[in-house]
Structure formats: C-alpha cells, structure tokens
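# A closer look at the structure
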Amino acid sequence: MLSATAITAGYHPRQPVITDISLAVEPGATIGLAGPSGSGKSTLARVLSLLHKPFSGTVTIDGAVVEGFRYRAPRQYRTRIGVLFQQPRLSVDPRMTLRQVIAEPSRANGKPDRVDDLAELVALTPDLLDRRAHEVSDGQLQRACLARALALRPAYLVCDEMTTMLDASTTAALVAVIRDYQKESKAGVLAISHDMQLLDRWADEVRQLDP
Ligand SMILES: Nc1ncnc2c1ncn2[C@@H]1O[C@H](COP(=O)(O)OP(=O)(O)OP(=O)(O)O)[C@@H](O)[C@H]1O
C-alpha cells in the first residue's frame, strides 16, 4: 500500500496548502482525487510521489516509512512509483528523442530499456520514436511519458491531471493502457482530475479535497 498519513504540506510553513490529510492507495485499486483548483491536489500528489517534503506526516510504501524526499528519496522507493503530469512538455528534456525519453529510467537504473515493447504498449509507431518533443503532438508526447512511467514496472502510478491537455480518444486510450497494466501487475493508481465524469468511470473510489 502507498499511504499518506496526517500530511501537512505546502510552500510556506505558516501557510500549509493541505492540513492533516490521510489517503491510501491499495495495490490494484484506483483512487480518484478531486477538488477545486488550488485545494492542494498536486501538492499531495507530489508528496506521495516523494517529490515534495511535507512539513509533517508520513508516507509509507508497502509498510516502510519513507525518510527522504526529492533527491534524498531512496532509489528503491522512487522507482516503485511512476508519475505522470498534466503538461508532458515540462517533464521532458526537449533535446531528447522519444526513444531516449522512454529509455531514460531503465538506463539510469542499469536495466534493459524495452523501448520497442513499451512504445507498442502505448501505441507509438516506430517513426515517432526518433522525433524530439517539439516534433510530436501533446498526445504523442504524453504517450511517451506513460511509457517512461511504466518502464520500471512501478507498483504505484500517480497521474496528476494526466489527460487535461488531451482529446477524448487519446484520454480513453491512455486510461485503457493503465487499466491493462494494472490488471496484469496489480499496481495501485492515484488519478487526479477536474473531470468528475472521467473519475467516476475510472476510479473505484473518489476522494474530494476541500478548498
Ligand atoms: N511551487 C510552489 N510555490 C508556491 N506556492 C505553490 C507552488 N505550487 C503550488 N503552490 C500553491 O499551492 C496551492 C495549491 O496548489 P496545487 O497545485 O497543489 O493545487 P491543485 O488542487 O492541484 O490545483 P489545480 O487544480 O489548479 O492544479 C495554490 O495556492 C498554489 O498557488
């Protein structure tokens, strides 16, 4: 289980964005997270992805309490959590080809890169793999980001407004890829979205963050 317990977090200690929030993602489950803009959904997602250190509270992964966040997060925990963001362009080095983007986590961890299999999984055709980020659409780039997020076969996937920039058919295709991966791997998913219809269809349970 990936869980946050009594998390208080934000960017200024005197003005936390979220206060005393607890949330758990069981293996195989999809938890939706909704709430108005500014309520702290992304902040909570970043804490759970070990990218942001909370002021207080704990994150545990499969029973182990995480002691370090950001660059201090132990690799064995970081690699268990895949992350997808709203704007793929901000999370990709523009000098890289899609092939390099998808291969990056495997290379960094000394594993075989499986780029062709991962590209097929997210329906990226081979000709796209040699293009750079500015030579593909948002949807194609988000497909590459999903392939990158799945590269190390994470036990948990945090999707922060992953589909906001995408059209309905690309959204449906990416959600289907995640569902298939989940069926086969029993991964737990945290899905953040403004789109309640999407969350109702996608998630087993939807949590609402208050303003
Ligand atoms: N890096 C940052 N530095 C300072 N304040 C920030 C930072 N990131 C977010 N905030 C502030 O924290 C609050 C919560 O932001 P957050 O992005 O977590 O909310 P959200 O619910 O995900 O919003 P949205 O639905 O608009 O994405 C907002 O008031 C925002 O301005």
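Reading the values: rules and limits
- Residues numbered from 1 in each chain as written.
- Predicted model: local features only at pLDDT ≥ 70, side-chain atom pairs only at ≥ 80, totals over all residues.
- UniProt positions renumbered as here; feature names shortened; annotations may be inferred.
- Buried ≥ 20, exposed ≤ 12 C-beta atoms within 10 Å, placed from the backbone.
- Helix = DSSP H or I, 4+ residues; strand = E, 2+ residues; numbered from the N terminus.
- Contact = placed C-beta atoms within 7 Å.
- Pairing = 2+ DSSP bridges.
- Near = placed C-beta within 6 Å.
- Nonpolar A, V, L, I, M, F, W, Y, C, P; charged D, E, K, R; others polar.
- Axes fitted to C-alpha atoms, helices over the stretch in contact; angles between N-to-C directions.

The protein chain has the name ABC transporter in an unreviewed UniProt entry, where Kibdelosporangium aridum is given as its organism. Looking at the protein chain in UniProt, the text filed under Sequence similarities (unreviewed entry) is "Belongs to the ABC transporter superfamily."

### Focus on helix α3 (residues 98-108)
The α-helix advances 3.6 residues per turn, and as a result positions three or four apart in sequence lie on the same side. Here α3 has its buried residues at L98, V101, I102, A103 and P105. Buried positions along α3 lie against α4 (115-121) and α5 (138-150). A positive phi of about 65° marks G110, the residue just after α3.

### Description of the pairing of strand β8 (residues 188-192)
Of all five residues that make up β8, five are buried, and the element is covered over most of its length. Neither face of β8 is open: one carries G188, L190 and I192, the other V189 and A191, and all of them are buried. Direction of pairing for strand β3 (residues 30-34) relative to β8: parallel, over a ladder of four bridges. Bridge pairing in β8 places T30 opposite V189.

### Side note on the site of the ligand
Within the structure, the ligand sits among Y11, V17, G35, S37, G38, S39, G40, K41, S42 and T43. Counted by class, the shell around the ligand contains two nonpolar, seven polar and one charged residues.

### Quick word on the sheet that holds strand β4 (residues 56-61)
Reading across from one edge, β2-β1-β4-β5 is the order of the four strands in this open sheet, with antiparallel pairing throughout. This sheet does not close on itself; its edge strands, each paired only once, are β2 (18-25) and β5 (64-65). By the bridge criterion, five bridges tie strand β1 (residues 2-9) to β4 in an arrangement that is antiparallel. From the neighbouring strand, S3 faces β4, where its bridge partner is T60.

### What about the sheet that holds strand β6 (residues 81-84)?
Strand order in this open sheet of five strands is β6-β7-β8-β3-β9, and the pairing throughout is parallel. Lying at the two open borders of the sheet, with one neighbouring strand each, are β6 and β9 (205-208). Averaged over all adjacent pairs, the angle separating strand axes in this sheet is 15°, with direction ignored. Set on the sheet, α5 makes contact with β6 and β7 (156-160); between it and β6 the angle comes to about 170°.

### So, the UniProt feature "domain: ABC transporter" (unreviewed entry) in the protein chain
In this numbering, the UniProt entry assigns the feature "domain: ABC transporter" (unreviewed entry) to residues 2-211. Spanning residues 2-211, this segment combines 32% helix with 22% strand, and its end C-alpha atoms are found 24 Å apart.

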